Amino acid sequence: MKIIGLLLISMFGITGGSTHGALADNWGNPMHFEFIPKRPWLSGDKSAILGDGDIVSNTAAVLEQFLIQNRIPPNTEIHLNSRGGDVSAGLKMGRLIRAHHLHTWVGMYDQRAHRSVRQMLESTVNIGYCISSCTLAFLGGVERQIDHADGIYAVHQVTMECVNPNLPEADQHTEVSTCLTVTSAMIGVQEILGEVIEYVNEMGVDPRFVEQMTKADPKDMNSLSIWFLREYKITK
């Protein structure tokens, strides 16, 4: 545990993020959603959704609005490309995905079918990845697939930031949770851990998955092997 300035506490459990080197078009920005139309010349192809960027507090609300406005039907696949973000938002997003009976997928995005040459030249997408709180949102898929050749599914310890509300500088950090002591912050961590475990069970995944989240520092990541993904019922 590390305390910096305004009782900024770095510990396992609340918000995600990663220093992973792969870059996405929307890396570092709130996740946006894009409709990927099916390619009629390709037999068996289906329409899908691309969710690209960081998971923030209103990501689930943005996704819900997108689904309603575009009349997305059940059994549509959502392609996730994200370094993670807010854990609570990841849980909300996963439950929304399940409620709309969507499937989740992680892998390299086929830009050639949906973008111009200029857009592809400007793009930095080179591999699909789902890291930190994105891995929780991914679990909401009724069916879940990861392209093991071109996809990364990785977990890590995450961080909690909170500020002592009695400090004069506290009003400068309105976006950060409040906690009076390290003890109260640790209680908050335990509460979110309980929520994560409950959610993992709800999604039909082995709760041992949560153990893997503790095995990598917040600045590192634990990329799960095919064996772990199948053993923990994350994929088939």
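Just so we're clear, the structure is a prediction, and the values are computed from it rather than from any experiment.

A. Expanded view of the side chain of T104. With respect to the element layout, T104 can be found in strand β6 (residues 103–106). If near-sequence neighbours (up to four positions away) are discounted, T104 is found in contact with I78, L80, I97, A137, F138, G141, E143, R144 and Q145.

B. Layout of the state of the cysteines. If you walk through the whole model with that rule in mind, you get one disulfide. At a sulfur-sulfur separation of 2.2 Å, the disulfide partner of C130 is C134. Taking the sign of the S-S torsion, -110° for the link of C130 and C134, the bridge is left-handed.

C. Expanded view of helix α1 (residues 59–69). Inspection of α1 places T59, A60, L63, F66 and L67 among the buried residues, and these make up the whole buried set. Along the axis of α1, the buried residues cluster in a sector spanning 120°; they form a single face. Exposed and facing more than 90 degrees away from the buried side of α1 are I68 and Q69. Those residues of α1 that are buried lie in contact with β3 (32–36), β4 (48–52), β5 (77–81) and α2 (87–99). After α1 finishes, the residue R71 shows a positive phi value of roughly 50°.

D. Focus on the packing of α1 against α2. One can describe the packing of α1 onto α2 by two numbers: an axis separation of 8 Å at closest approach and a directional angle of 25°. When the axes of α1 and α2 are compared, the pair comes out roughly parallel. In this structure, α1 contributes T59, A60, L63 and E64 to the contact, and α2 contributes K92, M93, L96 and I97. For the contact of α1 with α2, a count of residues per class yields five nonpolar, one polar and two charged.

E. Focus on the side chain of D54. Looking at the secondary structure, you find D54 in the loop between β4 and α1. By relative accessible area, D54 is classed as buried at 10%.

F. Quick peek at unusual backbone geometry. The backbone phi angle of S132 is positive, close to 60°, even though this residue is not glycine. Mapping S132 onto the fold places it in the loop between β7 (128–131) and α4 (133–138). The exposure class assigned to S132 is buried, which follows from its relative accessible area of 5%. Positive phi, normally seen in glycine, also occurs at K233, with a value near 65°. Relative to the elements of secondary structure, K233 occurs in the segment after α7 (226–231). Exposure remark for K233: the relative accessible area of 54% places this residue in the exposed category.

What counts as what
- Residues numbered from 1 in each chain as written.
- Predicted model: local features only at pLDDT ≥ 70, side-chain atom pairs only at ≥ 80, totals over all residues.
- Heavy atoms only, no water.
- Helix = DSSP H or I, 4+ residues; strand = E, 2+ residues; numbered from the N terminus.
- Contact = heavy atoms within 4.5 Å.
- Disulfide = S-S within 2.5 Å.
- Buried < 20%, exposed > 50% of the residue type's maximum accessible area, 1.4 Å probe, protein only.
- Arc of directions from axis to C-beta.
- Axes fitted to C-alpha atoms, helices over the stretch in contact; angles between N-to-C directions.
- Parallel < 35°, antiparallel > 145°, perpendicular 65-115°, else oblique.
- Nonpolar A, V, L, I, M, F, W, Y, C, P; charged D, E, K, R; others polar.

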